[in-house]
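Coordinate analysis (summary)
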Amino acid sequence: MAAHLSYGRVNLNVLREAARKELREFLDRCAGSKAIVWDEYLTGPFGLIAQYSLLKEHEVEKMFTLKPGSLPPADVKNIIFFVRPKLEIMDIIAGNVKSEVKQRSHRDFHILFVPRRSLLCEQRLEEQGVLGSFINIDQYILDLIPYDGDLLSMESESAFRECYLENDQTSLYHAAKGLMTLQALYGTIPQIYGKGECARHVANMMLRMKREFAGSQNQILPVFDTLLLLDRNVDLLTPLATQLTYEGLIDEIYGITNGYAKLPPEKFIQKKQGEGGKDLPTEPKKLQLNSAEELYAEIRDKNFNAVGAVLSKKAKIISAAFEERHNAKTVGEIKQFVSQLPHMQAARSSLANHTSIAELIKDITTSEAFFDNLTVEQEFMTGVDTDKVNTYIEDCIAQKDPLIKILRLVCMQSVCNNGLKQKVLDYYKREILQTYGYEHILTLNNLEKAGLLKLQTNARNNYPTIRKTLKLWMDDVNEQNPNDISYVYSGYAPLSVRLAQILVRPGWRSIEEVLKMLPGPHFEERQQLPSGLHKKRENRTTLIFFLGGVTYAEIAALRFLSQMEEGGTEYIIASTKLINGTSWIKSLMDKLEAPPF
């Protein structure tokens, strides 16, 4: 059991166990010893469902990463490919199988598509002449992966790109299927609200699937009262801003992948007395970050400026606890102290780790470069000089700062100004292409297509109206003891989370005009519950699904709302992907390749 998945009102271990059961059943269908060949991207998400020990119990003896050429030698009966349904992956698999056949190895081949089987992929294997070599071709439906007690992600890295650039709605179909899986385990969700084109598609697909399964209504008392579907493009501003929570900054600076962060090792060396300058480790320090760790659960969602005080308070408590050993006189007292020792040592090592991480982050957040960047972001958010070329962005381009930093700022200016004047937009494009290379013309085109960069039409700029009506900027933000969600960006309240907050009280009817200014339709649907399953509840549970990605700062803001006394609503968060501004912009980048001749 993963204890951190079951602390909330909704026990997400149920979902994890269902996924593990399905995995065990598939492995048992391939009788005998096994080697798994992994599509590398899947190893992280799978690690959250099943550790190696579970695979070992089912006769998995070897694991390899999928690579072109021959497979490494393994004395096993079955070779199982765990892969995403992508054509380029099929070509690698075909090469692997052909080289095995050449060596006359008598092995059984199996393929497990995650999350869906694909006819196109099977056709590609047939064209390559290897389809007949596979004994089992199956699919493993891994739609929503539990990351924490209140967090689910599909980890679909290109969902936003597919929906807004390529008009490919596959990820939306997977989202609808994921919601069906959740409802099979946790009961029908009676109320559905949504905003945006993608949200409308997902709701329609889900309702259609529900009608198709009309006969098999599950008699489960619903755990969720409401489902809120939100398109990422309803709020393009939030991911572009620098997150200022502890977890958000770790993600911004070092990146968090499948619950792990890789950090520079030098701050984590524990020097023993009398040791000179030993060789410094070069491997990054890999730390798992989730609420199973008591201290991390306490500080992850705080504004970074409030983290130092918590750490120093914790340090005093821990050192006082260790001092207690001097007061233990009787055998009983000594025994009690010894029984608490493992917990105290774990707390001390956790504190040491987070003090090191906080020092690493502080070095960056106290730098002039960080402050200047943040100042410009906050100026844009408050509507200062958004309609002309920004001198700070000009300077950054002249100094050849990282391109993603430039793109984030230019896109932010465009979003906060409802588009840029032709002259301003042309200037930025010309400067970027001349400084960073003309191959980035495709990226700029993609950003325009996705609505992140756009030309200002004659329509008036709605952003100031949206900002005022939804109170997106709060001047008197309290970072230490927050009283509003705006603390996660030190003043800016994420638009997406404000919409969720207003939906609960006083309701979206109160902001009808603003909703019309935001892209895509807004809607409300009801799902019939089987008779006898209605009940009045004081505390409501809302599942909020971000289609196109969610940031850790938005998650922190929703957790803050869950903890508010008068709210009475607990949020469970689902998303196609956990993102930050950098990973999001990266997913939209393309490079023109030089011709091969």
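These notes cover the structure that comes with them. (Residues numbered from 1 in each chain as written. Predicted model: local features only at pLDDT ≥ 70, side-chain atom pairs only at ≥ 80, totals over all residues. Heavy atoms only, no water.)

**So, the nonpolar core**
This is how the line gets drawn: Throughout this description, the term nonpolar core refers to a set of buried Ala, Val, Leu, Ile, Met, Phe, Trp, Tyr and Cys residues connected via side-chain atoms within 4.5 Å. A 1.4 Å probe rolled over the protein chains alone gives each residue an accessible area, and that area as a share of the maximum for its type sets the label: buried under 20%, exposed over 50%, partly exposed in between. Whether two residues are in contact is decided by their heavy atoms: any pair within 4.5 Å suffices.
If you look at the biggest cluster of nonpolar residues, it comprises 167 residues, and the most contacted ones within it are Phe82, Leu229, Leu499 and Phe545. Among all residues touching Leu499, those that are not within four sequence positions of it are Leu230, Val234, Leu470, Trp508, Ile511, Leu515 and Leu518. Grouped together as the second largest cluster of nonpolar side chains are 23 residues, Ile93, Cys121, Leu125 and Phe134 included.

**Description of the environment of Lys86**
To be explicit about the condition: Each helix is a run of DSSP H or I of at least 4 residues and each strand a run of E of at least 2, with the numbering of both proceeding from the N terminus.
Along the chain, Lys86 falls in the loop between β3 (78-83) and α4 (87-102). Along the primary structure Lys86 and Val310 are separated by 224 residues, whereas in three dimensions their C-alpha atoms are 47 Å apart.

**Points about the sheet that holds strand β7 (residues 151-153)**
Convention followed: Any two strands are treated as partners once DSSP identifies two or more bridges connecting them. Whenever a helix is involved, its axis is fitted only over the stretch in contact; in every case the axis is a line through C-alpha atoms, and angles between N-to-C directions fall within 0 to 180 degrees.
One open sheet holds the seven strands; their spatial order is β6-β7-β15-β14-β9-β8-β13, and the pairing between them is mixed. On the outer flanks of this sheet lie β6 (145-148) and β13 (522-526), each paired with one strand and no other. In this sheet, adjacent strand axes meet at a mean angle of 20° when their direction is disregarded. With five bridges joining them, strand β8 (residues 191-195) and strand β9 (residues 226-231) adopt parallel strand pairing. Opposite Ile192, over in β9, you have Leu227 as the bridge partner.

**A word on the pattern of salt bridges**
The condition that has to hold: One speaks of a salt bridge when a side-chain nitrogen belonging to Lys or Arg is within 4 Å of a carboxyl oxygen belonging to Asp or Glu.
Under the definition given, this model contains 34 salt bridges. Residue Arg526 pairs with Glu524 through a salt bridge whose shortest N-O separation is 3.2 Å. The exposed category is assigned to Arg526, whose relative accessible area is 56%. We classify Glu524 as partly exposed; its relative accessible area is 40%. Shared partners join several salt bridges into a network, and the residues in it are Asp148, Asp150, Glu247, Arg300, Asp301 and Arg559.

**A few points about α4**
Spelled out, the test is: Working rule for helices: expected span equals 1.5 Å times residues minus one.
End to end, α4 covers 23 Å across 16 residues, agreeing with the expected 22 Å (1.5 Å per residue, within 8%). Along α4, the positions that sit buried rather than exposed are Ile89, Met90, Ile93, Ala94, Asn96, Val97, Ser99 and Glu100. Buried positions along α4 lie against β3, β4 (108-113), α5 (119-127) and β5 (134-139). Immediately downstream of α4, the backbone of Arg104 shows phi near 55°, a positive value.

**Examining a negative patch on the surface**
Let me state the cut-off plainly: Each patch is built from residues lacking any salt bridge and having more than 30% relative accessible area; the joining distance is 9 Å for like charges and 5 Å for nonpolar side chains (Val, Leu, Ile, Met, Phe, Trp, Tyr). For the area figures, the Shrake-Rupley method with a 1.4 Å probe applies, and any residue is considered shielded solely by the protein chains shown. For this count, His and the chain ends are skipped, Lys and Arg are scored as positive, and Asp and Glu as negative. For the purpose of locating charges, the reference atoms are NZ of Lys, CZ of Arg, CG of Asp and CD of Glu.
Among the surface-exposed residues, Asp28, Glu59, Glu61 and Asp75 lie close enough to one another that they form a single negatively charged patch. Within the secondary structure layout, Glu59 lies in the loop between α3 (52-57) and β2 (60-65). The partly exposed category is assigned to Glu59, whose relative accessible area is 41%.

**Some details on the state of the cysteines**
Stated formally: In what follows, a disulfide is any cysteine sulfur pair within 2.5 Å.
In the structure shown here, the tally under the stated rule is zero disulfides. Here Cys396 stays free of any disulfide, with the sulfur of Cys411 as its closest cysteine sulfur at 14 Å. With no disulfide partner, Cys411 has as its closest neighbouring cysteine sulfur the one in Cys416, 11 Å distant. According to the relative accessible area criterion, Cys411 is buried, its value standing at 1%.

**Looking at the pairing of strand β11 (residues 260-263)**
In β11, alternate side chains face the same way, and those of Ala261 and Leu263 are buried while those of Tyr260 and Lys262 on the opposite face are not. As judged from the two bridges shared by strand β10 (residues 256-257) and β11, these two strands associate in the antiparallel manner. From the neighbouring strand, Ile256 faces β11, where its bridge partner is Ala261. Here β10 folds back onto β11, and the loop between the two strands holds two residues, one of which, Asn258, carries a positive phi near 50°. Of the pairings in the sheet, the one linking β11 to strand β12 (residues 285-288) comprises four bridges and is antiparallel in character. Within the sheet, the bridge partner assigned to Ala261 lies in β12 and is Leu287.

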